[in-house]
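Listed below are the residues making up each chain.
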Amino acid sequence: MLPAPLAFSGFCALVSLWITLFLVGWGAGHFRAEVLDIASSRARVVLRPGVFNQDIPNKVFFARRVDPERGILEQVLVEDKSRAELRLTILAPHGRLGVDYTRGELLFLLKNGRIYTEREDSITTLGFEEYVVRLQLNEMFESLDLGPLKPREMTWEQLVNADDSELARSDEWFFQKVLVERHSRVVFPLACILLSLIAIPVAVSLEGVRRQSGMVMGLVIFLLYYTVLSAGMNMGKYNGVNPLYCIWLPNLAFLLSGLEGIHLAAQERIVILTPEPTSLTDAYALLKVLKLRHGVERFRVLINMSPDEKSAKSMFARLHAACDHFLDGVSLDYMGFIPRDTMVRKAVVNQTPFTVASPDCPASRAMKQIAASVQNWEAPENLDGNIKFFWKKLLFRS
């Protein structure tokens with residue numbers, strides 16, 4: 001059951017990762033550039049030669065000559081009345097229209113001119129080689145203000161190459177947003193796998209329940225995850241919490257919950273015992289507890305460290321007979337055996353899996369045969385990993 005949904009969620013995660021790392025920043029930056037280019041084109045059209053343009057509140061623009069194709073201006077006058085206490089009049093023989101894509105502003109780049117500052121009782125003059133008049137977009141377009149480049153509009157390359165020390169000194173708040181954006185670009189794709197790990201045991205536990213219940217449960221889990229993740233991101237952005245704690249710890253908690261859920265909702269129970277009397281007693285005690293307390297009746301039995309197949313089947317027969325006599329309704333299926341092998345002990349001493357250290361030894365061959373047979377198991381008709389059993393273990397397990 002696991003390979004198909006996990007493969008699909010992994011594919012979705014890779015696609016989402018590609019989108020968040022490349023398309024999100026590219027799309028936002030492309031939209032920003034298009035808006036600014038449109039605004040620049042409109043400014044070139046509106047700014048007609050020899051006409052005092054007063055379309056922008058508190059500002060007057062004049063140019064004797066205008067080249068709309070290249071944005072070149074000659075004999076430029078700019079009057080700024082945005083501040084009540086003074087008035088600026090800027091004269092320059094040459095100028096050019098430009099765009100600041102980072103700050104989201106239109107620019108009038110003036111050269112070799114003068115600035116006349118008029119106050120109530122005085123006028124001062126200041127010469128310049130270069131001077132920039134900046135226009136916010138909302139001064140030209142109502143309700144449109146791109147503002148400075150935001151972290152969510154940055155490409156992955158810009159996020160990674162940003163100078164953290166410089167950002168922390170100049171703007172701590174912006175620096176925290178950049179940190180959170182870096183982590184969120186990776187976290188959101190991984191959420192595909194994370195939510196799948198949670199959804200699989202929930203789907204198994206809701207076997208036989210009405211579809212509406214499963215949909216409601218899925219929405220509740222999704223909203224819970226989204227709420228926790230959003231709260232963590234806000235803590236990182238506005239409270240200065242390290243993203244490793246506020247973003248990754250909640251995801252780790254959900255990951256562990258999903259893995260534990262898969263463990264609890266397992267449909268197959270494999271009981272492993274060795275050809276020893278104490279092992280037989282322990283196995284029977286385990287079966288009895290699962291039968292009487294949780295209603296589990298179906299098990300598979302694997303005999304480990306058996307000298308031969310005859311001894312393994314003999315041990316299984318003894319356990320089967322005890323269950324038939326004392327535990328009514330319990331079903332046991334013989335899974336196979338793993339022979340006693342000295343190569344296993346050597347692999348343990350060397351801290352290496354025996355299937356890797358000695359792939360052709362009897363124990364390794366038996367393990368491979370059992371693993372191959374597991375893939376061919378058919379799903380049980382009466383699933384006993386139902387919602388009652390699953391949630392009982394999940395909520396009250398000590």
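Just above sits the structure.
From a predicted model like this one, the values you see are computed outputs, not experimental measurements.

Another point: the overall build of the chain. Looking only at helices and strands, one finds 13 helices and eight strands in the chain. Taking all 398 residues of the chain together, 37% fall into the buried category. Pairs at least 24 apart in sequence give 62% of the contacts found in the chain among residues at least 6 apart. Carbon and sulfur atoms make up 59% of the accessible area of the chain, which totals about 24100 Å².

Let us now look at the packing of aromatic side chains. Counted according to the given criterion, the structure contains eight aromatic pairs. Ring geometry for F128 against Y131: centres 5.5 Å apart, planes inclined by 45°, an arrangement best described as tilted. When its relative accessible area of 12% is taken as the criterion, F128 is described as buried.

The five strands lie next to each other as β1-β2-β3-β4-β5, forming an open sheet whose pairing is antiparallel. With one partner strand each, in any of the chains shown, β1 (59–67) and β5 (123–136) form the two edges of the open sheet. Neighbour to neighbour, the strand axes of the sheet diverge by 25° on average, direction disregarded. Summarising the sheet, strand β4 (residues 105–118) and β5 pair through 13 bridges and their orientation is antiparallel. What sits directly across from K111, in β5, is E130.

Further remarks concern the pairing of strand β6 (residues 270–273). Burial of β6 is one-sided: the residues V271 and L273 facing one way are buried, the residues I270 and I272 facing the other way are not. Inspection of the sheet shows β6 paired to strand β7 (residues 298–306) by four bridges, in the parallel sense. Note that in β7 the partner of I272 across the bridge is L302. Tracing the backbone out of β6, into helix α8 (residues 277–294) and back to the parallel element β7 gives a crossover that is right-handed.

Another point: the nonpolar core. Formed by 25 residues in total, the largest nonpolar core has its most connected members in F61, L73, V78, I90, F108, L110 and L137. When neighbours within four sequence positions are excluded, V78 is seen to be in contact with V60, F61, L88, T89, I90, L110 and V133. By size, the runner-up hydrophobic cluster in this structure holds 19 residues, among which are V271, A283, I303 and L332.

Okay, helix α9 (residues 309–326) next. If you check α9, its first and last C-alpha atoms are 26 Å apart, about what 18 residues at 1.5 Å a residue would give, namely 26 Å. Its side-chain oxygen at 3.2 Å from the backbone nitrogen of K310, D308 defines the N-terminal cap of α9.

So, about a nonpolar patch on the surface. On the surface, a cluster of nonpolar side chains totalling about 790 Å² of accessible area is made up of F11, V15, W18, I19, F22, L23, V24 and W26. Mapped onto the fold, F11 is located in helix α1 (residues 3–46).

The next subject is the pairing of strand β8 (residues 331–339). Both β7 and β8 contribute to a ladder of eight bridges, which runs parallel. Counterpart to L302 in the pairing with β8 is G336. In this view, the connection linking β7 to its parallel neighbour β8 by way of α9 has right-handed handedness.

On to the sheet that holds β7. An order of β6-β7-β8 is seen for the three strands of this open sheet, with the pairing classed as parallel. Sheet topology places β6 and β8 at the edges, where each strand pairs with a single neighbour. The sheet shows a mean angle of 25° between the axes of neighbouring strands, direction not considered. Sitting on the sheet, α9 touches β6, β7 and β8, and the angle it makes with β8 is about 155°. Together, β7 and β8 form the strand contacts of helix α12 (residues 362–375), whose direction differs from that of β8 by roughly 150°.

This next bit is on the side chain of H183. Here H183 is to be found in helix α5 (residues 172–205). For H183, the side chain forms a polar contact with the side chain of W248, separated by 2.8 Å. With sequence-adjacent residues up to four places away left out, H183 is seen in contact with P243, L244, I247 and W248.

Turning next to the pattern of salt bridges. By the definition in use, this model includes twelve salt bridges. In this structure, a network of salt bridges that share partners links the residues D100, E105 and R134.

Mapped onto the secondary structure, A28 falls in helix α1. Separated by 127 residues in sequence, A28 and T155 place their C-alpha atoms 8.6 Å apart. In this structure A28 touches R152 and E153, once residues within four positions along its chain are discounted.

With 18 residues, α8 extends 25 Å from end C-alpha to end C-alpha; this agrees with the ideal 26 Å at 1.5 Å per step. At the C-terminal side of α8, G295 shows a positive phi close to 75°.

Within the secondary structure, S306 sits in strand β7. Among the polar contacts made by the side chain of S306, one reaches the main-chain carbonyl oxygen of D308 at a distance of 2.7 Å. Not counting the four nearest positions on each side in its chain, S306 is found in contact with P275, S311, A312, F337, I338, P339 and R340.

Scoring rules and cut-offs
Residues numbered from 1 in each chain as written. Predicted model: local features only at pLDDT ≥ 70, side-chain atom pairs only at ≥ 80, totals over all residues. Heavy atoms only, no water. Helix = DSSP H or I, 4+ residues; strand = E, 2+ residues; numbered from the N terminus. Buried < 20%, exposed > 50% of the residue type's maximum accessible area, 1.4 Å probe, protein only. Contact = heavy atoms within 4.5 Å. Areas by Shrake-Rupley, 256 points an atom, 1.4 Å probe, with all protein chains shown as cover. Phe/Tyr/Trp six-rings, centres within 6.5 Å; stacked < 30°, edge-to-face > 60°. Pairing = 2+ DSSP bridges. Axes fitted to C-alpha atoms, helices over the stretch in contact; angles between N-to-C directions. Right-handed = clockwise from strand over helix to strand, strands pointing away. Core = buried A, V, L, I, M, F, W, Y, C linked by side-chain atoms within 4.5 Å. Expected span 1.5 Å × (residues − 1). Polar contact = N/O pair within 3.5 Å; in protein donor to acceptor, adjacent residues only side chain to side chain. Patch = residues over 30% accessible without salt bridge, like charges linked within 9 Å, V, L, I, M, F, W, Y side chains within 5 Å. Salt bridge = Lys/Arg side-chain N within 4 Å of Asp/Glu carboxyl O.

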